[in-house]
Amino acid sequence: MDNVFRYQEGELFCEDVAVRDIAKQVGTPFFLYSSFAFCSRLNDYVKAFSDHPHLVCFAVKSNSNLAVLNLMANQGTGADIVSGGELFRALRSGFPAERIVYSGVGKTVPEIREAIAAGILMFNVESMQELEEISRQAMLLGKRARISFRVNPDVNPQTHPYISTGLRKNKFGMPVDMALEAYKIAKGMDGIDIIGIDCHIGSQLTDLSPFVDALERVKSLLVDLDSLGIRLDYIDIGGGLGIRYHEESAPSPGEYVRAILDHMDGLRHKIIIEPGRSIAGNAGILVTSVINIKDTGTKRFVIVDAAMNDLARPSLYEAYHAIHPVCMEGNAAQVAVDIVGPICESGDFLARDRLLPRVKKGDLLSVFSAGAYGFTMSSNYNSRPRAAEVMVRGKEFAVVRARETYDDLIKGEKIPDWTCKGS
Ligand SMILES: *Cc1c(COP(=O)(O)O)cnc(C)c1O
């Protein structure tokens, strides 16, 4: 997996395609995905479950390109969605509805209706108010809705506060001590079938113990539910396994699954996991060109044609992404630079105080680990058309999302037939 993007004689390849050749045809910036990397990470998860009943639901928000989703759907995975738009993408890309789980803290009435009508596997329910709405809409549609409650196990995932979700102070899920009551009420509710329990404690976790702690809390709830005659088929433990961006070491999918199975104590519930980053993160890079070098005397800036609108993570979380030239020239001396985009914000950087071999205008740079929360968090800020997305399979590559055009930028905008009042 780590060598899907690798250097051969100083030149970066994705599988068997030279990145430079793609840049020549597609232009920059673009996201580049390895289909092999996606599939092999997914297989690591599936293999580790062995004969334990399971459903891997790929977290669509990490990378929602139709080609990526289709690749996942064809391997028999499910999808974890957090919006009606993601439901639309998941269905369009080939996921059967019965393999779709719907998480998210604010599901609207139209979104709930769409998901019930489609016949998704289950809703991960965040609150009693939400459950009542799901029940009401199921009745109106003459259908039944399957649900899990998302419980908040109040464990500290030791990750960035913006991506930590399983603490009591976070907005997600319901406290464990309220869940029992919630299940009791749900049991008698019209149109509702209780099938599982769910938790998701955060993202980019590089230690397995918070996952195990969360599972322990869930298991103790199962015992209490059992005594109420409520038996569940599914335990959904969410996503959140981290990846190596820099110097952190993250457990492998296999280690993660084994830790979970080791703590199941013979329980045979079907386990759902919702990995996003750990499948997609290192399956993609962002390729960008140097526009200019600017030396202010105190600092040297490498200005590139990708920016915070393309890859928000450095600006948003001060996240580290490895950045290297696509073509390495011998043992070029390294200099400390800031790698920045053209956007009118000082927060617009991809890396700060980073050692990089001397580069010049027109050189290509690769921003690594950009396969998850890259394109999906991108925007049109500064009226920048969004980057192209390209997928490689072996010796072939395909543009799986065309670079946006200026016309795409103004799609749907209208100038009303008004002038300023009084003029
Ligand atoms: C974001 C999210 C995921 C995926 O998280 P990763 O860290 O990308 O694995 C899974 N489940 C839920 C409910 C989420 O919000």
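Reading guide: rules and limits
Residues numbered from 1 in each chain as written. Predicted model: local features only at pLDDT ≥ 70, side-chain atom pairs only at ≥ 80, totals over all residues. Heavy atoms only, no water. Buried < 20%, exposed > 50% of the residue type's maximum accessible area, 1.4 Å probe, protein only. Helix = DSSP H or I, 4+ residues; strand = E, 2+ residues; numbered from the N terminus. Arc of directions from axis to C-beta. Contact = heavy atoms within 4.5 Å. Pairing = 2+ DSSP bridges. Domains from an automatic or database assignment. Buried area = accessible area lost by both parts, 1.4 Å probe. Salt bridge = Lys/Arg side-chain N within 4 Å of Asp/Glu carboxyl O. Nonpolar A, V, L, I, M, F, W, Y, C, P; charged D, E, K, R; others polar. Right-handed = clockwise from strand over helix to strand, strands pointing away. Phe/Tyr/Trp six-rings, centres within 6.5 Å; stacked < 30°, edge-to-face > 60°. Near = heavy atom within 4 Å. Polar contact = N/O pair within 3.5 Å; in protein donor to acceptor, adjacent residues only side chain to side chain. Areas by Shrake-Rupley, 256 points an atom, 1.4 Å probe, with all protein chains shown as cover. 1 Å grid on protein atoms, 1.4 Å probe; cavity = no way out; pocket = protein on both sides within 12 Å on 5 of 7 lines; lining within 4 Å. Sits in = over half its atoms within 2 Å of the grid points.

1. Some words on helix α5 (residues 109-118)
Logical step 1: All of the buried residues along α5 are E111, I112, A115 and I116. Viewed end-on, α5 has its buried residues packed into an arc of 130°, placing them on one side of the element.
Logical step 2: At its buried positions, α5 is contacted by α4 (84-92), β7 (100-102), β8 (122-125), α6 (128-141) and β9 (145-152).
Logical step 3: After α5 finishes, the residue G119 shows a positive phi value of roughly 85°.

2. Section: the sheet that holds strand β3 (residues 17-18)
Logical step 1: The three strands are arranged β1-β2-β3 in an open sheet whose pairing can be described as antiparallel. Of all the strands in the sheet, just β1 (5-8) and β3 have a single pairing partner and so form its edges.
Logical step 2: One ladder, built from two bridges, connects strand β2 (residues 11-14) with β3; its direction is antiparallel. Along β3, the bridge assignment pairs C14 with V17.

3. Concerning unusual backbone geometry
Logical step 1: In this structure, P29 follows T28 across a cis peptide bond, with omega equal to -5°.
Logical step 2: If you check the backbone angles, Q204 has positive phi at about 55° while not being a glycine.
Logical step 3: Within the element layout of this structure, Q204 appears in the loop between β11 (192-198) and α8 (209-227).
Logical step 4: Phi is positive for S369, close to 55°, though the residue is something other than glycine.
Logical step 5: Here S369 lies in the loop between β19 (364-367) and β20 (388-393).
Logical step 6: Judged by its relative accessible area of 4%, S369 is buried.

4. Considerations on the domain arrangement of the protein chain
Logical step 1: Here the protein chain is described as being made up of domain 1 (5-33 + 281-409) and domain 2 (35-279).
Logical step 2: On a C-alpha basis, the centres of domain 1 and domain 2 stand 32 Å from each other.
Logical step 3: Listed by partner, the interface residues are 22 residues for domain 1 and 23 residues for domain 2.
Logical step 4: For domain 1, the biggest contributors to the area lost against domain 2 are Y317, Y320 and Y373; these three give 30% of the whole.
Logical step 5: Linking domain 1 with domain 2 are zero salt bridges.
Logical step 6: When residues of the side of domain 1 that touches domain 2 are traced back to their parent elements, those giving at least two are α11 (313-317), β20 and β21 (396-401).
Logical step 7: By residue number, the principal contributor to the side of domain 1 that touches domain 2 is β20, which donates four residues.
Logical step 8: Considered class by class, the residues forming the side of domain 1 that touches domain 2 number eleven nonpolar, six polar and five charged.

5. Things to note about the pairing of strand β5 (residues 54-59)
Within a regular strand, side chains alternate between the sheet's two faces.
Logical step 1: Most of β5 sits out of view: five of its six residues are buried.
Logical step 2: Taken together, the three bridges between β5 and strand β13 (residues 270-273) define a ladder with parallel strand orientation. Bridging across to β13, H54 finds its partner in I271.
Logical step 3: In this sheet, strand β6 (residues 78-81) lies alongside β5 in parallel orientation, the contact comprising three bridges. Counterpart to C57 in the pairing with β6 is G78.
Logical step 4: Handedness of the crossover is the feature at issue here: the chain leaves β5, passes through helix α3 (residues 66-74), returns alongside β6, and the resulting connection is right-handed.

6. Regarding the packing of aromatic side chains
Geometrically, a pair of aromatic rings is defined through the distance of the ring centres and the angle of the planes.
Logical step 1: Tallied over the entire structure, the rule returns six aromatic pairs.
Logical step 2: Where F211 meets Y256, the ring centres are 4.8 Å apart and the plane angle is 85°; that geometry is what we call edge-to-face. Placement of F211 in helix α8 and of Y256 in helix α9 (residues 253-262) is noted, with a sequence separation of 45 residues between them.
Logical step 3: Overall, the relative accessible area of 2% leaves Y256 in the buried class.
Logical step 4: An aromatic cluster is defined as three or more aromatic residues linked by ring pairs; in this entry it consists of Y45, F211 and Y256.

7. Overview of the side chain of N152
Logical step 1: Positionally, N152 belongs in strand β9.
Logical step 2: Classification of N152 by relative accessible area gives buried; the value is 6%.

8. Regarding the site of the ligand
Logical step 1: In the vicinity of the ligand, 14 residues are found, and the nearest of them are K61, S203, E274, R277 and Y373.
Logical step 2: In the environment of the ligand, a nitrogen atom lies 2.5 Å from a nitrogen or oxygen atom belonging to the side chain of E274.
Logical step 3: Burial of the ligand by the surrounding chains reaches 94%, relative to a free accessible area of 390 Å².
Logical step 4: In a pocket analysis with a 2 Å cut-off to the grid points, the ligand is assigned to the largest pocket.

9. A few points about the pattern of salt bridges
Logical step 1: Inspection of the entire model under this criterion finds 21 salt bridges.
Logical step 2: Here D21 and K24 are joined by a salt bridge, their closest N and O atoms 3.9 Å apart. With D21 and K24 both in helix α1 (residues 19-26), this residue pair falls three residues apart, about one helical turn.
Logical step 3: Among the residues examined, D21 registers a relative accessible area of 35% and is labelled partly exposed.

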